[in-house]
Amino acid sequence: SENYITGREKLQLGGKATFFGFIDSKISPITEIFWRKKNKQGNVTCSKININDGKYSGSRTRSPSPELHVHFVCKEDEGIYEIVVESFNKQLYGSINLEVLEGGEQTDV
């Protein structure tokens with residue numbers, strides 16, 4: 001079974017990142033779902049993102065379609081965002097890599 005995340009991976013400084021997760025309905029029972037963040041080296045920098053924090057307002061962790069919203073992105077927000085789905089004795093996750101561009105660069109979406 002597959003979990004995956006979609007969303008724009010390159011954003012301008014100050015933009016808003018929106019990531020949409022998909023959780024396979026065959027995974028059950030789910031004990032916990034949460035977002036976490038890793039740096040580019042793959043080390044966890046935030047083991048559980050607090051989606052009640054204003055920075056992430058509008059985010060949710062419900063199956064089957066969790067969402068992560070990161071407002072006013074800055075360089076520190078760069079990295080790998082993962083949706084972690086815990087079920088019984090296993091952890092499944094999908095990931096997406098966010099790159100924050102310095103001003104002035106144009107990118108093709």
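The sections below set out a description of the structure shown in this document. The shown structure was predicted, so the numbers you read here are calculated from the model rather than taken from an experiment.

Here strand β4 (residues 30-38) pairs with strand β7 (residues 79-87) via eight bridges, running antiparallel. Considered in β7, the bridge of F34 is made with V84. Alignment of β4 against strand β5 (residues 44-46), held across two bridges, turns out to be antiparallel. Of the residues in β5, the one forming a bridge with K38 is V44.

Our next topic: the packing of aromatic side chains. This structure, assessed with the given rule, holds two aromatic pairs. Residues Y4 and F22 carry aromatic rings whose centres are separated by 5.2 Å and whose planes lie at 25° to one another, so their mutual orientation is stacked. On the criterion of sequence distance, the pair formed by Y4 in strand β1 (residues 3-6) and F22 in strand β3 (residues 17-23) is long-range, its members being 18 residues apart. Above the ring of Y93, the side-chain terminus of R36 is found at 5.4 Å from the ring centroid.

Grouped together as the largest cluster of nonpolar side chains are 21 residues, with contacts concentrated most on F19, W35, L68, Y81 and L98. Those elements that place two or more of their residues in this core are β3, β4, β6 (67-70), β7 and β8 (90-101). The greatest single-element share of this core, amounting to four residues, is contributed by β8.

Rules of the game
- Residues numbered from 1 in each chain as written.
- Predicted model: local features only at pLDDT ≥ 70, side-chain atom pairs only at ≥ 80, totals over all residues.
- Heavy atoms only, no water.
- Pairing = 2+ DSSP bridges.
- Helix = DSSP H or I, 4+ residues; strand = E, 2+ residues; numbered from the N terminus.
- Phe/Tyr/Trp six-rings, centres within 6.5 Å; stacked < 30°, edge-to-face > 60°.
- Lys NZ or Arg CZ within 6 Å of the ring centre and 35° of its normal.
- Core = buried A, V, L, I, M, F, W, Y, C linked by side-chain atoms within 4.5 Å.
- Buried < 20%, exposed > 50% of the residue type's maximum accessible area, 1.4 Å probe, protein only.

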